[in-house]
Amino acid sequence: MNIIHRRGWDLPQRLASPEHLVFSRRSVLTGASALALAPGAAMAQRVSDLAKLPDPTADLYPAKRNETYTLDRPITDETVNGHYNNFYEYGTSKDIAAPAQELRIRPWTVKIDGLVEKPMELGIDDLIRKMTLEERTYRHRCVEAWSMAIAWSGFPFKQLVDFARPLGSAKYVRMTTFLDKAMAPGQNSFWYPWPYIEGLTMAEASNDLAFLVTGAYGHPLAKQHGAPLRLAVPWKYGFKSIKSIVQFSFVEQRPKGLWEALQPSEYGFWANVNPAVPHPRWSQATEELIGTGERRPTLLFNGYGEYVADIYKDLQKERLWA
Ligand SMILES: Nc1nc2c(c(=O)[nH]1)N[C@H]1C(S)=C(S)[C@@H](COP(=O)(O)O)O[C@H]1N2
Ligand SMILES: [Mo]
């Protein structure tokens, strides 16, 4: 047992979060960012107007379920799930569902560029209709030691890679979220140079499990889950799953994601799930199932090792575990 391990056990759950790390350091410096995050009455009005717009892809749901990916636990209740999100563009609490309704998801343009045969820009509805949607049930494990099970709809990341036709020199995919400080007040806070970015290696992105999500629970994605397009990589800690993506760049250099940029000692590039390697401030041995409170042992690669372990076999020198 190392020192880091023992230190982590002492912390109460409410302190065991990236959020705590960021905001305990910065909140002393500014009250302005907190103010900018408070939803007002005007926002509530606009929210209800926006909620009435029909989704142009609604006819594609529910998508046919791919039965390859089965669960060992019930799907997390949709309402519970929809009020337990991390989407700092709309606030740092878990319940950002109401302010996140300010996100405008049409028109929404997705750029595919970098080391590709031909850079492209296309509307989200175009992109979604070029792909084949399916439903998959996935378990997700947050670095904060809680987990959820979700029925996502979307398409394999591999379909997007094939569509993009990357050059042989491409080694990573760098994904970027929208940037609009008026629409997303959280982006006014200065603790990170927005927009949020995240990266995967080509091998990770092309793996069967890597999934680009457009819907959940049999309908188009709720905004707080990162509509209209987000990533789901269930063998990794949740913070790798970037939301509301506007750009996929195929690049040679390893991208530095938001959490890695903030605290590389705690949130590394790879961030695969491993119950035997504690976070510097807490154990990763077990997880709490959100919605039921049940605790279960956490599994290596979150139980998805048969799909992904091969990707990492020649990378022993890298820090693969968060
Ligand atoms: N754009 C954006 N993407 C993001 C985040 C964010 O704040 N902004 N939070 C990340 C974190 S820390 C987690 S754990 C997951 C949470 O996904 P969920 O809300 O669907 O559970 O989204 C990730 N993607
Ligand atoms: Mo997270």
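Above this text sits the structure in question.
Since the model is a prediction, treat every value here as computed from it, not as a measurement. (Residues numbered from 1 in each chain as written. Chains lettered and ligands numbered in written order. Predicted model: local features only at pLDDT ≥ 70, side-chain atom pairs only at ≥ 80, totals over all residues. Heavy atoms only, no water.)

The next thing to look at is the site of ligand 1. By nearness alone, 15 residues border ligand 1, and Tyr88, Glu89, Arg230, Ser241 and Lys243 come closest of all. Side-chain polar atom of Asn85 to an oxygen atom of ligand 1: 3.2 Å apart, as the coordinates give it. Glu89 places a polar side-chain atom, nitrogen or oxygen, 2.7 Å from a nitrogen atom of ligand 1. Contact with the protein chains covers 96% of the free accessible surface of ligand 1, which is 530 Å². (Near = heavy atom within 4 Å. Polar contact = N/O pair within 3.5 Å; in protein donor to acceptor, adjacent residues only side chain to side chain. Areas by Shrake-Rupley, 256 points an atom, 1.4 Å probe, with all protein chains shown as cover.)

Here Tyr61 and Pro62 are connected by a cis peptide whose omega angle stands at -10°. Here the residue pair Trp194 and Pro195 is connected by a cis peptide bond, since its omega of 0° sits within 30 degrees of zero. Within the element layout of this structure, Pro195 appears in the loop between β5 (172-177) and β6 (197-201). Phi at Tyr217 takes a positive value of approximately 55°, unusual for a residue other than glycine. Here Tyr217 shows up in the loop between β7 (211-216) and β8 (219-220). A relative accessible area of 18% means that Tyr217 is categorised as buried. The phi angle at Phe301 is positive, at roughly 50°, despite the residue not being glycine. Here Phe301 is to be found in the loop between β12 (295-297) and α11 (305-308). Residue Phe301 is classed as buried on the basis of its relative accessible area of 6%. (Helix = DSSP H or I, 4+ residues; strand = E, 2+ residues; numbered from the N terminus. Buried < 20%, exposed > 50% of the residue type's maximum accessible area, 1.4 Å probe, protein only.)

Since there are 3.6 residues in each turn of an α-helix, residues three or four apart along the chain are aligned in direction. Inspection of helix α8 (residues 157-164) places Phe157, Leu160, Val161 and Ala164 among the buried residues, and these make up the whole buried set. Seen end-on, α8 carries its buried residues on one side only, within an arc spanning 100°. Backbone geometry just after α8 places Arg165 at a positive phi near 50°. (Arc of directions from axis to C-beta.)

For the rest of this paragraph, the subject is the packing of aromatic side chains. Evaluated as defined, the whole model comprises 20 aromatic pairs. Geometrically, the ring pair formed by Tyr88 and Trp259 is edge-to-face, given 5.7 Å between the ring centres and 80° between the ring planes. Pair noted here: Tyr88 is in the loop between α5 (78-81) and α6 (97-100) and Trp259 is in helix α10 (residues 258-262), with a separation of 171 residues, a long-range link. Each member of the pair Tyr88 and Trp259 is classed as buried. Put simply, the rings of Tyr88, Trp191, Tyr192, Trp194, Phe239, Trp259 and Tyr267 touch in pairs and so form one group of aromatic residues. Just above the ring of Tyr84 sits the side chain of Lys94; from NZ or CZ to the centre is 5.7 Å. Here the guanidinium or amino end of Lys240 rests over the ring plane of Phe269, the centre of that ring lying 4.6 Å away. (Phe/Tyr/Trp six-rings, centres within 6.5 Å; stacked < 30°, edge-to-face > 60°. Lys NZ or Arg CZ within 6 Å of the ring centre and 35° of its normal.)

Turning to the side chain of Lys236, a few remarks are in order. As for its position among the elements, Lys236 is in the loop between β9 (230-232) and β10 (245-251). Separated by 2.8 Å, the side chains of Lys236 and Glu204 make a polar contact. If near-sequence neighbours (up to four positions away) are discounted, Lys236 is found in contact with Arg141, Leu200, Glu204, Phe269, Trp270, Ala271, Asn272, Val273 and Tyr312. (Contact = heavy atoms within 4.5 Å.)

By themselves, these observations are geometric and do not establish any function.
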